[in-house]
Amino acid sequence: MKNIFKNTFILLIVLLFMACSSKHEPLQTVQKVDLNKYLGTWYEIARYEHFFEKDCKNVSANYSMMNEETIKVINRCTKIHTNEKKEAMGRAYAVDETNSKLKVSFFRPFYGDYWVLILDENYEYVVVGTPSREYLWILARQNTISDEVKNSILEKLPSLGFDASKFVWTIQE
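Residues numbered from 1 in each chain as written. Predicted model: local features only at pLDDT ≥ 70, side-chain atom pairs only at ≥ 80, totals over all residues. Heavy atoms only, no water.

## Here's the deal with the overall build of the chain
Check the secondary structure of the chain and you find three helices and nine strands. Its helices and strands taken in sequence order, the chain reads α-α-β-β-β-β-β-β-β-β-α-β from the N to the C terminus. The burial tally for the chain puts 37% of its 173 residues in the buried class. Residue pairs in contact within the chain that sit at least 24 positions apart in sequence constitute 50% of those at least 6 positions apart. Accessible surface, the chain as shown: approximately 11100 Å² in total, 55% of it carbon and sulfur. (Helix = DSSP H or I, 4+ residues; strand = E, 2+ residues; numbered from the N terminus. Buried < 20%, exposed > 50% of the residue type's maximum accessible area, 1.4 Å probe, protein only. Contact = heavy atoms within 4.5 Å. Areas by Shrake-Rupley, 256 points an atom, 1.4 Å probe, with all protein chains shown as cover.)

Below, the structure is given as structure tokens:
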């Protein structure tokens, strides 16, 4: 009888670990992000839709240093139907010396992943996502990107485990 309980317990533990493991391959980030080049304003080109950005247009994010380790984040948007302007302030910090994996919080003490997946060498556009593949953004220094850049990004997403058909293309006026 003890063996049945012991074996059942071991089986439950194994199943629990299997259920908690990711169904995705590990997500590769860029090798290095120069935070000084990354700081400033970025315009959202596209996103996976989530409640905190629902019905938003003219979305932008501004990054500046609060201190040596903390980045100040200000996200802005205009509601499509009411033209009401919204702003959310948060903070972020780099997980390691590459600066390609950040933790961001708008509701401390809760932090989410912000991983730089694709970054233009001139810091003109970036693709940011999460290892869970639930969140994904295309950001650019201008409020539009060329079709060539857009297509290049879209071609790379399947190999990273993202579905480009889930994008909401941001209205930028």
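## A few points about the layout of surface pockets
The computed volume of the largest pocket comes to approximately 900 Å³. In this structure, the largest pocket is lined by 32 residues; those nearest its centre are Phe52, Asn75, Phe106, Phe107 and Trp137. For the lining of the largest pocket, the secondary-structure elements that each account for two or more residues are strand E1 (40–48), strand E2 (56–65), strand E3 (71–79), strand E4 (85–94), strand E5 (101–107), strand E6 (110–119) and strand E8 (136–140). Counted by class, the lining of the largest pocket contains 20 nonpolar, five polar and seven charged residues. (1 Å grid on protein atoms, 1.4 Å probe; cavity = no way out; pocket = protein on both sides within 12 Å on 5 of 7 lines; lining within 4 Å. Points joined across faces, edges and corners; volume = space filled by probe spheres on them. Nonpolar A, V, L, I, M, F, W, Y, C, P; charged D, E, K, R; others polar.)

It is worth stressing that arrangement in space is one thing and function is another; only the former is reported here.
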